[in-house]
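Here is what each chain is made of, one letter per residue.
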Amino acid sequence: MNSPTEAFSTAESGNPNSAGSSPGSPFSWADDGAAVAVSLDRVPILAYTYAANDPQVESPRPYFHPVRTRTGDLVTAYRPHDHVWHKGIAWSLPHLGPDNFWGGPSYRRGQDYQWLPNNGAMRHRELRKVTDDGGRFSFSHTLQWITQQGTVVVEEERTFEVVPGSDTSYVLVFDSAMTNVSGEDIHIGSPTTEGRDNAGYGGLFWRGPRSFAGGAIIGPGGATGEELRGQRAPWLSFVGQHDETCRFSTVVMVDQPGSEHGEPEWFARSEPFACMGPAPFFSQEVLFKAGSTLRYRYGVVIADGESDAVRAEALAATAREVLAGAPASPAAGR
C-alpha cells in the first residue's frame, strides 16, 4: 500500500518526479507519480494519493491524508483498525448499484453486512493539469470506476483546489463529475436505502483522528450533536482536540450553494469515533441514467482553533465564497 507520509518526505527531499512553486506563491508541491503533496507557507498541509494500491476489499480509491491545519495539526485518520477502508477524506460510495466503492462488507436488506465479491476500485487514468496562480492550487485528473469483475461502470473527471483563507485556515474544494458508461441505469443508495436505519453514509467522507472522539458537531443555527445525522443542511462542522498539544481544530464541510441536488442529508458521528460527510444518497436512491453525468462539489474548511456556532458559520461563509469563485475572505476565517 502507498504510505501517505512518504509524499511529504518526497516534497522536502527535492527529488520527486515533478514539483513546483510559482514566484511569490505561498504554495509548493511535489508529485511522485502516485500522490501529490501540497505545502502552504512551508507547512505540509495535505497529500492526495490519486493512484492507491490498497487491497481490493478496501475498494482502492483516491484519498486525502495526511491533512493538516496551517500550524501542522493532523485532522485525518488513515486505515483505523475498526474500519481499515476509511481513508482520511475520500469520495466513497457503498451502494453504486450492486457494487461497493466504499470498501469493506456490504449491507443487504434482511442479511446485515455481508462480505461479497463486489469491492470496486477507482483507478487513476490521466493527469489533466496542475496549476498554481498564487491564490489557489489546483489538481485535475481522470479516473475509471472498475468493478471487482473488471467492468468499467463510471468515468470521472475530478479536481481539487486549495485556497488560503485567513492565517488560521484554508479551503479544500472537491469537484467530481461522474459519467455512467455501464450502458445501464444505476441506482445509487446507502445502507439506509437498503434498510438500515439512520446509516445513510456515502459521498465525500471525513474520518477524524482518534483524539477527536467525543468532539462537538455543530450545524447551522447553533444546532449540535449527533441528532444532526440524517438532517438536511447547507453545511456541518466538527471541533476536535488533539493529543499531546491539547490544541483544537475545526473542520467544516459545505455543499455547493444552489446545487441542483438540493441540500444534502448529513452523516456524522462523535462516538465511538469522529466522522462527517454530506450524504446525497442518504435516505433516497438517486437514479444514475446510462450515459448521464452527475456532478458534486464541496468546500472543506480546515481551521486551527476551537469554534463556536458563530465562528463555524463564518468558516462556512468562507467556503461558500470560494465555491462561488471568489477569493477567501481573511476576516471570515478568524
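For the structure, see preceding data.
Just so you know, the residues in each chain are numbered from 1, in the order the chain's sequence is written. Totals for whole chains, interfaces and linings use every residue, but because this is a predicted model, local features are given only for residues with pLDDT of at least 70 and side-chain atom pairs only at 80 or more, for both listing and counting. Excluded from the side-chain calculations are hydrogens and water; all other atoms, namely the structure's heavy atoms, are used.

**Student:** Tell me about unusual backbone geometry, and name the residues and values.
**Tutor:** Note that the residue after His 65, namely Pro 66, is joined by a cis bond; omega there is -5°. Mapped onto the fold, Pro 66 is located in strand S5 (residues 63-67). Residues other than glycine seldom take positive phi values, yet Arg 42 does so here, at roughly 70°. Of note, Arg 42 is situated in the loop between strand S3 (35-40) and strand S4 (43-49). Secondary structure counts use DSSP, requiring at least four H or I residues in a row for a helix and at least two E residues in a row for a strand, with both numbered from the N terminus.

**Student:** Account for the packing of aromatic side chains, naming residues and giving values.
**Tutor:** Centre distance within 6.5 Å is the pairing criterion for rings of Phe, Tyr and Trp, where only the six-membered ring of Trp is used; planes under 30 degrees apart are then read as stacked, over 60 as edge-to-face, and the remainder as tilted. Counting across every chain of the model gives 23 aromatic pairs. Arranged with centres 6.1 Å apart and planes meeting at 50°, the rings of Trp 29 and Phe 137 form a pair that is tilted. Placement of the pair is Trp 29 in strand S2 (residues 27-31) and Phe 137 in strand S11 (residues 137-146), with a sequence separation of 108 residues. Phe 137 shares its class with Trp 29; the two are buried. When the ring of Phe 64 is compared with that of Phe 160, the centres are 5.1 Å apart and the planes differ by 90°; the resulting orientation is edge-to-face. Burial classification: accessible surface area is computed with a 1.4 Å probe over protein chains only, and a residue below 20% of its type maximum counts as buried, one above 50% as exposed, and the rest as partly exposed.

**Student:** Mind laying out empty space enclosed by the protein, listing which residues take part and the relevant values?
**Tutor:** To find the voids left in a structure, one rolls a probe of water-molecule size over its atoms. Put plainly, a pocket is an open set of points on a 1 Å grid over the protein atoms alone with protein on both sides within 12 Å along at least five of seven lines, a cavity is a set where a 1.4 Å probe fits but cannot get out, and a lining residue has an atom within 4 Å of a point. Grid points are joined across faces, edges and corners, and a volume is the space filled by probe spheres set on the points. A complete count under the given rule lists 1 cavity of 30 Å³ or more for this structure. A volume near 50 Å³ is recorded for the largest cavity. Taken together, Arg 61, Trp 85, His 86, Lys 87, Gly 88, Ala 90, Ser 92, Trp 102 and Phe 205 form the lining of the largest cavity.

**Student:** Just give me the short version of the nonpolar core, but keep the residues and values in it.
**Tutor:** Core analysis: the biggest nonpolar cluster contains 54 residues, and Leu 46, Leu 96, Trp 145 and Phe 160 have the highest contact counts within it. Here this core gets 5 residues from one element, more than from any other, and that element is strand S22 (residues 293-304). When checking whether two residues touch, look at their non-hydrogen atoms; a contact exists if any pair is within 4.5 Å. Contacts of Trp 145, omitting those with residues within four sequence positions, involve Trp 91, Leu 93, Leu 96, Phe 101, Ala 121, Met 122, Thr 151, Val 152, Val 153, Val 154, Glu 156 and Met 178. Core analysis: the second largest hydrophobic core is formed by 16 residues, Val 171, Val 173, Val 252 and Leu 315 among them. By convention a nonpolar core is built from buried Ala, Val, Leu, Ile, Met, Phe, Trp, Tyr and Cys residues, the set being connected through side-chain atoms within 4.5 Å.

**Student:** So what about the sheet that holds strand S10 (residues 121-132)? Which residues, and what values?
**Tutor:** Within a beta sheet, neighbouring strands are joined by backbone hydrogen bonds and run either parallel or antiparallel to one another. Should DSSP find at least two bridges between two strands, the strands are regarded as paired. What the 8 strands build is an open sheet, ordered S10-S11-S12-S13-S22-S18-S17-S16; its pairing is antiparallel. Strand pairing shows two members of the sheet lacking a second neighbour, S10 and strand S16 (216-218), which therefore form its edges. Across this sheet, the average inter-strand angle for adjacent strands is 15°, counted without regard to direction. Sheet topology note: the S10/S11 ladder contains 10 bridges and is antiparallel. In the sheet register, His 124 faces S11, and the bridge partner there is Leu 143. Set on the sheet, helix H2 (residues 309-323) makes contact with strand S12 (152-164), strand S13 (169-180), S16, strand S17 (235-241), strand S18 (248-255) and S22; between it and S18 the angle comes to about 50°. Working convention: axes come from line fits to C-alpha atoms, limited for helices to the stretch in contact. Angles between N-to-C directions cover 0 to 180 degrees.

All quantities given are derived from atomic positions and should not be read as evidence of function.
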